[in-house]
Amino acid sequence: QTLKFQLAPGGRHVLLPPDEILAVLQESLGQIQGLSSNPYVTRNPAFVDQVRSLEEQLGTGEALLDIWLQAQDKHACLLALFAGTSSQQNGNAVFLEERGTMESIDGSWRSIMVAAA
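Summary of the structure given here.

Rules of the game
Residues numbered from 1 in each chain as written. Predicted model: local features only at pLDDT ≥ 70, side-chain atom pairs only at ≥ 80, totals over all residues. Heavy atoms only, no water. Helix = DSSP H or I, 4+ residues; strand = E, 2+ residues; numbered from the N terminus. Buried < 20%, exposed > 50% of the residue type's maximum accessible area, 1.4 Å probe, protein only. Lys, Arg positive; Asp, Glu negative; His and termini not counted. Salt bridge = Lys/Arg side-chain N within 4 Å of Asp/Glu carboxyl O. Contact = heavy atoms within 4.5 Å. Pairing = 2+ DSSP bridges. Expected span 1.5 Å × (residues − 1). Phe/Tyr/Trp six-rings, centres within 6.5 Å; stacked < 30°, edge-to-face > 60°.

Digging into the side chain of Glu 62
Working step 1: Here Glu 62 lies in helix H3 (residues 45–85).
Working step 2: Despite its burial, Glu 62 remains without a salt bridge, the nearest opposite charge being carried by Arg 52 at 17 Å.
Working step 3: When residues no more than four places from it in sequence are discounted, the contact partners of Glu 62 are Leu 22, Leu 25, Gln 26 and Leu 29.

Overview of the pairing of strand E1 (residues 5–8)
If a strand is regular, its side chains alternate between the two faces of the sheet.
Working step 1: As judged from the 4 bridges shared by E1 and strand E2 (residues 12–15), these two strands associate in the antiparallel manner. Across the sheet, Leu 7 pairs through a bridge with His 13, a residue of E2.
Working step 2: From the end of E1 to the start of E2, which pair antiparallel, there are 3 residues, and Gly 10 there has a positive phi angle of about 85°.

Some points on helix H4 (residues 93–116)
Working step 1: A rise of 1.5 Å per residue sets the reference length of H4, with its 24 residues, at 34 Å; its end C-alpha atoms lie 35 Å apart and thus fit the reference within 8%.
Working step 2: Every buried residue belonging to H4 is among Phe 95, Met 102, Asp 106, Trp 109 and Met 113, and all of these are buried.

With respect to the packing of aromatic side chains
Working step 1: With the rule as written, the count across this model stands at 2 aromatic pairs.
Working step 2: Ring centres of Phe 5 and Trp 68 lie 6.4 Å apart, and the angle between their planes is 75°; on these two criteria the pair is classed as edge-to-face. Pair noted here: Phe 5 is in strand E1 and Trp 68 is in helix H3, with a separation of 63 residues, a long-range link.
Working step 3: For Phe 5, a relative accessible area of 25% translates into the label partly exposed.
Working step 4: The class of Trp 68 is partly exposed, set by a relative accessible area of 26%.
Working step 5: Considering the side-chain rings of Trp 68 and Trp 109, the 6.1 Å spacing of their centres and the 45° angle between planes classify their relative orientation as tilted. You can see Trp 68 sitting in helix H3 and its partner Trp 109 sitting in helix H4, a full 41 residues away along the chain.
Working step 6: Given the relative accessible area of 15%, Trp 109 is considered buried.
Working step 7: An aromatic cluster is built from Phe 5, Trp 68 and Trp 109, whose rings are joined through pairwise contacts.

Here we look at the side chain of Arg 12
Working step 1: As for its placement among the helices and strands, Arg 12 is situated in strand E2.
Working step 2: Buried charge without a partner: Arg 12 forms no salt bridge, and the closest opposite charge is Asp 106, 5.6 Å away.
Working step 3: Arg 12 has contacts with Gln 6, Leu 7, His 75, Ala 76, Leu 79, Asp 106 and Arg 110, leaving out every residue within four places of it along the chain.

In structure tokens:
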């Protein structure tokens, strides 16, 4: 399986929810956790180290995907918020400052997504 990016409206790349990959990661993590209590593994320190390493790698991969998708969702919500209120808040100095910050963040986000895609 591979992760796939899609070009969204506005020219933004977005990571498609990797449901299959997350399911395989969770299944594999469960299997590795089951191995960690297997007597053949617990009696052999080399196997214990390998199982712990695999468990850590799978957990890190799952956490990374979850964080990435959360950040992507929050970014999309903030973009919608600023796009929907810009005409109403045009004269508000605080809003204008925050919109400038959001534009800067959006530029960084787009660069990261293009590099990742």
